[in-house]
Amino acid sequence: MSDLDQLTQSLARNLKRWRGERGFTLDALAARSGVSRGMIIQIEQARTNPSVGTTVKLADALGVSITTLLDYEQGGHVRVVPEEQIVRMWSTEAGSWTKLLVGTEKRGPLELWSWRIMPGESSESDPHPRGTVELVHVSAGDLTLRVDGVDHSVPAGCSATFESNVPHGYHNDGDVPVEMTMAVSIPPAT
């Protein structure tokens, strides 16, 4: 089974499980997430591999991290994620990428990401649920962080934090790759 097949199967199993645990019907999850009922059915039946944006919307609507939707094999107090199990969520032919390093559900979902954005590339995000906070640390390059239409320069060695319940994006307007680490804290579903 390929990595993509395993990802599709895990997402199908976990989406169905968390939807059931939350007591959401297909229609309720569709309304909360903005993802069509038909798409949710296809995902739960492992007939499609949704976009990162769709996966984020579903995770946000369920009040869980993307990590939880992709793999629910969480044990004891310490969970080590081997390098080969780190999930690459987005990539481009030019070499930009994001990797979901690790996440947890304790006291609300919390995710840790590693990013590389090549010169001239960007990644846009829809608003997350109210109360979601992102923390970014740039280790190389000069990130242009766009939050609710306003650009902020975050050069190498600097960090930033913001509430991400508004449209936001990560841009590399420079001529060297941007490398950054990001943590996302999502409020629990109510």
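Located above this text is the structure these notes cover.
The present account deals with the structure reproduced in this document.

### Brief notes about the environment of Gln 85
Secondary-structure assignment places Gln 85 in the loop between α5 (66-70) and β1 (87-91). It is 8.7 Å that separates the C-alpha atoms of Gln 85 and Leu 101, two residues lying 16 residues apart in sequence.

### So, the sheet that holds strand β4 (residues 122-125)
The strand order across the open sheet built from four strands is β4-β9-β6-β7, with neighbouring strands paired in antiparallel fashion. Each having just a single partner strand, β4 and β7 (150-155) make up the two edges of the open sheet. Looking at each pair of strands side by side, their axes are set apart by 15 degrees on average, direction ignored. In terms of strand pairing, strand β6 (residues 142-147) meets strand β9 (residues 168-171) through four bridges, oriented antiparallel. Bridge pairing in β9 links Leu 145 to Tyr 170.

### Remarks on the packing of aromatic side chains
Taken as a whole, this structure holds two aromatic pairs when the rule is applied. Aromatic side chains Trp 90 and Trp 115 sit 6.0 Å apart centroid to centroid with 45 degrees between the ring planes, which places their arrangement in the tilted category. Here Trp 90, found in strand β1, pairs with Trp 115, found in strand β3 (residues 110-117); they are 25 residues apart in sequence, far enough to count as distant. Judged by its relative accessible area of 7%, Trp 115 falls in the buried class. Arranged with centres 4.8 Å apart and planes meeting at 55 degrees, the rings of Trp 115 and Tyr 170 form a pair that is tilted. Placement of the pair is Trp 115 in strand β3 and Tyr 170 in strand β9, with a sequence separation of 55 residues.

Cut-offs used in this document
Residues numbered from 1 in each chain as written. Predicted model: local features only at pLDDT ≥ 70, side-chain atom pairs only at ≥ 80, totals over all residues. Heavy atoms only, no water. Helix = DSSP H or I, 4+ residues; strand = E, 2+ residues; numbered from the N terminus. Pairing = 2+ DSSP bridges. Axes fitted to C-alpha atoms, helices over the stretch in contact; angles between N-to-C directions. Phe/Tyr/Trp six-rings, centres within 6.5 Å; stacked < 30°, edge-to-face > 60°. Buried < 20%, exposed > 50% of the residue type's maximum accessible area, 1.4 Å probe, protein only.

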